[in-house]
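Geometric and topological summary
Given next are the chains, with one letter for each unit.
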Amino acid sequence: MAPTLELSVLDSVVVAPSPAPETACSLPLNFFDVFWLNSPPVERVFFYRLNPDTGDNIATILSKLKTSLSRALGTFYPLAGRVRLTPGTDDRYELHYQPVDGVTFTVAQYDADVDDLAADEPREVAKILPLVPQLRAGVGAVLALQATVLRGGRGRGVAVALALHHAACDGASSTRFLHTWAAASTGAGAPPPPIIDRTLVNDPSGGRPMYDLASTDDLEFVKMADDQLVATFTLSKEDIQRVKDAVVAAAGARSPRCTSLVATFGFIWSCYQRAKDEAASNGGETYFVFPIDQRSRMKPDPIPDEYFGNCVGAAMQAASKDQIATAGTDGLLAACTAVAAAIERAVGETGSPEMMVLWTGRIREAATSGGGVLTVAGSPRFRVYDVDFGFGRPAKVEIMSVARTGAMAVAESRWSGSGGMEVGMSLPPAGMRRFQKCFHDAITSLHEH
């Protein structure tokens, strides 16, 4: 039996924004935000290898992380606040900040090897979760951070992890915060500051939920097993082009618009469905759901990319299990056609409270259909592998919350400029073995044609 890894908490402090707003302020949660009120927190872990030749000093690194965090929170001060019921109401919520607020920043030490934790091969989720700070759903704090020194093995490493309440903001906003924090740590040029103005989103609902709020169970499409694993699968730029070529060849004149994202989603969805056990893969329909950024599609006017908050809708499509699970180009064509159709429909559905009602209903229908749902977390647009705090690019980035939600985690390939895509999957051991085989068989098939 492998030895139990020990995590030791060395320090835990509350880091306040600097400069901080002098007075209390509140941001109402709009119809985009309240959907995520009860969702499990988004958990990301950034693994960094420390070069022994550079003389990286752990104490200096941790001090700089804390100081730069304070400066980053100065522009992203709502992340130091808390979600609460709007005073005098029983059905509206707000993100409230007051000058005494801050973000809990934990410093820990872990007897684990950074090379083991940052590998692509299947790893035990239970060995990585101690690196993630605790944060609960519902009302309360919206961000917690943890920096963990990794002292096992021959190399040294640092893991920087966050747990984020999705009701506070979406992935575009949270990764913009991470880039701002990294820039404050290195002295590099920071991204444009966030635009903290909820009036940019026309919300005739007044923040009152027009639908029953999703529960944590609604948003966790799988139950995490005690021996749950997480692994990373990479599609190179050449692999993605082979998927596109295969889809075009199979479809002929009626080919779907197969972008790199469509090709990646379709390839993984087909492998995922083929890897299902027999009882879960027989007949009927299955669903694919992924987020669409609505900022540029809002009416009457688009809102800026720097808008802080949630501004994502849902793209969703059902397809025949049997067709998606078919090996070879037929399965790829079915999956990519369904993903492209989901995008086409979603881009025509401007974000509104009424549309959110439809999205919520569709997701609940998919979740209760019994056909299975594969969702997506992350985006290659977030450039997570550019988050450099001064000791190099990440060796690996994981979205650990996919172990609870069952989503596939998507990011750009960590190999700078490669044009590939990286996908994280979390499955029990038997499911992971089946998925690995389906993935490698499908890659081999692509290379044979």
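Below you will find a few notes about this structure. (Residues numbered from 1 in each chain as written. Predicted model: local features only at pLDDT ≥ 70, side-chain atom pairs only at ≥ 80, totals over all residues. Heavy atoms only, no water.)

**Points about helix H5 (residues 171-186)**
A rise of 1.5 Å per residue sets the reference length of H5, with its 16 residues, at 22 Å; its end C-alpha atoms lie 22 Å apart and thus fit the reference within 8%. Buried residues dominate H5, accounting for 15 of its 16 residues. Two or three places before Ala-172, at the opening of H5, Asp-170 has a side-chain oxygen 3.3 Å from that residue's backbone nitrogen. Once H5 finishes, Gly-187 follows within two positions and takes phi at roughly 85 degrees, a positive value. (Helix = DSSP H or I, 4+ residues; strand = E, 2+ residues; numbered from the N terminus. Expected span 1.5 Å × (residues − 1). Buried < 20%, exposed > 50% of the residue type's maximum accessible area, 1.4 Å probe, protein only. Polar contact = N/O pair within 3.5 Å; in protein donor to acceptor, adjacent residues only side chain to side chain.)

**With respect to unusual backbone geometry**
In the segment running from Ser-18 into Pro-19, the intervening peptide bond is cis, with an omega of -5 degrees. With respect to the helices, strands and loops of the structure, Pro-19 is situated in the loop between strand S1 (7-15) and strand S2 (25-28). Following Lys-299, the chain continues into Pro-300 via a peptide bond in cis, with omega recorded as 5 degrees. Locating Pro-300 in the fold gives a position in the loop between strand S12 (285-293) and strand S13 (312-320).

**Description of the pattern of salt bridges**
For the structure shown, the criterion picks out 16 salt bridges. Across the salt bridge formed by Asp-33 and Arg-198, the nearest N and O atoms sit 2.9 Å from each other. Of this pair, Asp-33 sits in helix H1 (residues 31-34) while Arg-198 sits in the loop between H5 and helix H6 (216-219); the two residues are 165 residues apart in sequence, bridging distant segments of the chain. Take Arg-198: its relative accessible area is 7%, and that puts it in the buried class. As a salt-bridge pair, Lys-396 and Asp-120 come within 3.4 Å of each other at their nearest N and O atoms. (Salt bridge = Lys/Arg side-chain N within 4 Å of Asp/Glu carboxyl O.)

**Here's the deal with the sheet that holds S2**
Overall, antiparallel pairing links the four strands, which are arranged S2-S5-S4-S8 in an open sheet. Looking at the sheet topology across the chains shown, the edges are occupied by S2 and strand S8 (140-141). Sheet topology note: the strand S4 (residues 82-85)/S8 ladder contains two bridges and is antiparallel. The partner of Arg-82 across the bridge, within S8, is Ala-141. (Pairing = 2+ DSSP bridges.)

**Some details on helix H14 (residues 429-448)**
The terminal C-alpha atoms of H14 lie 29 Å apart, and with 20 residues this matches the ideal 28 Å at 1.5 Å per residue to within 8%. Of all the positions in H14, only Pro-429, Gly-431, Met-432, Phe-435, Cys-438, Phe-439, Ala-442, Ile-443 and Leu-446 are classed as buried. Those residues of H14 that are buried are in contact with strand S11 (229-235), helix H7 (237-251), helix H8 (260-274), helix H11 (329-347) and strand S17 (421-427). (Contact = heavy atoms within 4.5 Å.)

**A closer look at the nonpolar core**
Proteins that are soluble and globular tend to have nonpolar side chains buried together. Residues Leu-65, Leu-79, Phe-105, Leu-143, Phe-177, Trp-181 and Phe-389 are the most contacted members of the largest nonpolar core, which totals 72 residues. In terms of residue count, helix H2 (residues 58-75) provides more of this core than any other element does, seven residues in total. When neighbours within four sequence positions are excluded, Leu-65 is seen to be in contact with Phe-105, Ala-147, Val-160, Trp-181 and Phe-389. One finds Ala-246, Phe-265, Ala-346 and Val-423 within the second-largest nonpolar core, a separate group that totals 50 residues. (Core = buried A, V, L, I, M, F, W, Y, C linked by side-chain atoms within 4.5 Å.)

**Quick look at the packing of H7 against H8**
Between H7 and H8, whose axes approach to 9 Å, the crossing angle comes to 85 degrees. Here H8 runs roughly perpendicular to H7, going by the angle between their axes. Mapping the contact onto sequence places Ile-240, Val-243 and Lys-244 in H7 and Ser-260, Ala-263, Thr-264 and Phe-267 in H8. The class makeup of the residues in the contact of H7 with H8 is four nonpolar, two polar and one charged. (Axes fitted to C-alpha atoms, helices over the stretch in contact; angles between N-to-C directions. Parallel < 35°, antiparallel > 145°, perpendicular 65-115°, else oblique. Nonpolar A, V, L, I, M, F, W, Y, C, P; charged D, E, K, R; others polar.)

**A closer look at the state of the cysteines**
Using the criterion set out here, one finds zero disulfides in the structure. Of all cysteine sulfurs, the one in Cys-169 lies closest to Cys-25, which takes part in no disulfide; the gap is 15 Å. (Disulfide = S-S within 2.5 Å.)

**Quick word on empty space enclosed by the protein**
Empty space among the atoms can be located by rolling a probe the size of a water molecule over them. For the structure on display, the rule yields two cavities of 30 Å³ or more. Volume-wise, the largest cavity comes out at about 120 Å³. Contributing elements (two or more residues each) for the lining of the largest cavity: strand S15 (396-399), strand S16 (408-412) and S17. Class assignment for the residues of the lining of the largest cavity results in eight nonpolar, three polar and three charged. Estimated volume of the second largest cavity: approximately 30 Å³. Elements that contribute at least two residues to the lining of the second largest cavity include exactly strand S3 (42-50) and strand S10 (156-164). Split by residue class, the lining of the second largest cavity holds three nonpolar, one polar and one charged. (1 Å grid on protein atoms, 1.4 Å probe; cavity = no way out; pocket = protein on both sides within 12 Å on 5 of 7 lines; lining within 4 Å. Points joined across faces, edges and corners; volume = space filled by probe spheres on them.)

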